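Structure at a glance
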Amino acid sequence: NSHCGVCLERGTPQLFAYPDRYFTYFQVAEIPVVEVLVLPVMAGDRALGTIWIMSHDEQRHFDSEDVRVMASLADFTAAALLLVQQQTQELLAKNAQLEAEVVERKRAEELAQENEAYFRAIANLVPDLLWRNDLDGKAIWYNQSWFDYTGQTWEEAQGDGWTDVIHPSDRAQSFANFHNAVRECRPLRQEHRIRGRD
């Protein structure tokens, strides 16, 4: 047993005189231990540990004032330990939530990539001209029919390249129609000539 164990078993402050007679680990100290005052650190009915002080002087003995000061320190220590435990639990819960969000985001990204690959595979089989723009009107993808029909390469078609195949007389209006549809958040349906063809 230990002096801390005895204190925790009894749940009250304990004063030990010459504790090396009972607890041999004190014998390794080069200075004799005259007294040890041990107090439990409690949170309600739950013991969190102990705090203790030693006296090495035959003329210095612990009294009720020492017990009062140490009891106040034990209460402060208990409150601090409880706060640390609470913060640790909150951090662990937050970390678990973030890890779950990362896993979910990764799954969503993988699913989006799979859907995109499936969409592109199907779109490349369609005879219609298909392409995708960002909100600024910059093209970020075309299907194979676009390249077959327009004769453009990807380098020519990327960005604003989709407007280059529109007949010059229709180009400005088509681009304006696109931006109006984006601004008003509505579908766009329009017709224009492509390099002189309807």
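So, here's what we can say about the structure. Note that the coordinates shown come from a computational prediction; the quantities given were computed from them, not determined experimentally. (Residues numbered from 1 in each chain as written. Predicted model: local features only at pLDDT ≥ 70, side-chain atom pairs only at ≥ 80, totals over all residues. Heavy atoms only, no water.)

With that settled, the discussion passes to the packing of aromatic side chains. Any pair of aromatic rings gets described here by the distance separating the centres and the angle formed by the planes. Evaluated as defined, the whole model comprises ten aromatic pairs. An aromatic cluster of at least three residues, connected via ring pairs, comprises Phe16, Tyr22, Phe23, Tyr25, Phe26 and Trp52. (Phe/Tyr/Trp six-rings, centres within 6.5 Å; stacked < 30°, edge-to-face > 60°.)

Here we take up helix α2 (residues 64–123). Two residues of an α-helix separated by three or four positions point the same way, owing to the 3.6 residues in each turn. Spanning 60 residues, α2 covers 87 Å between terminal C-alpha atoms, matching the ideal 88 Å at 1.5 Å per step. Elements that come into contact with the buried residues of α2 comprise β2 (35–43), β3 (46–55) and β5 (139–142). The distance from a side-chain oxygen at the start of α2 to the backbone nitrogen of Glu65 is 3.1 Å, and the residue carrying that oxygen is Asp63. (Helix = DSSP H or I, 4+ residues; strand = E, 2+ residues; numbered from the N terminus. Expected span 1.5 Å × (residues − 1). Contact = heavy atoms within 4.5 Å. Polar contact = N/O pair within 3.5 Å; in protein donor to acceptor, adjacent residues only side chain to side chain.)

So, on to the nonpolar core. Counting residues in each nonpolar core, the largest one holds ten residues, listed as Ala139, Tyr142, Trp146, Phe147, Ala157, Trp162, Val165, Ile166, Phe178 and Ile194. For this core, the secondary-structure elements that each account for two or more residues are β5 and α3 (144–150). The residues touching Ile194, leaving out its near neighbours within four places in the chain, are Leu129, Tyr149, Val165, Ile166 and His167. (Core = buried A, V, L, I, M, F, W, Y, C linked by side-chain atoms within 4.5 Å. Buried < 20%, exposed > 50% of the residue type's maximum accessible area, 1.4 Å probe, protein only.)

Counted by the stated rule, this structure contains zero disulfides. As a non-bridged cysteine, Cys4 has Cys7 as the owner of its nearest cysteine sulfur, 7.1 Å distant. Given a relative accessible area of 18%, Cys4 falls into the buried group. (Disulfide = S-S within 2.5 Å.)

With antiparallel pairing, the three strands of this open sheet are ordered in space as β1-β2-β3. Unpaired on one side and paired on the other, β1 (14–17) and β3 mark the two borders of the sheet. Looking at each pair of strands side by side, their axes are set apart by 20° on average, direction ignored. Bridging between β2 and β3 involves nine bridges; their strand directions are antiparallel. Counted as the bridge partner of Val36 is Met54 from β3. Against the sheet, α2 contacts β2 and β3, and its axis sits at roughly 40° relative to β2. (Pairing = 2+ DSSP bridges. Axes fitted to C-alpha atoms, helices over the stretch in contact; angles between N-to-C directions.)

Within the element layout of this structure, Asn143 appears in the loop between β5 and α3. Note on Asn143: relative accessible area 0%, which makes it buried. Those residues in contact with Asn143, other than ones at most four positions away along the chain, are Ala123, Asn124, Val126, Asp128, Leu129 and Leu130.

Looking now at the side chain of Ser145. Within the secondary structure, Ser145 is located in helix α3. Setting aside anything within four residues of it in sequence, one finds Ser145 in contact with Val126, Pro127, Asp128 and Leu129.

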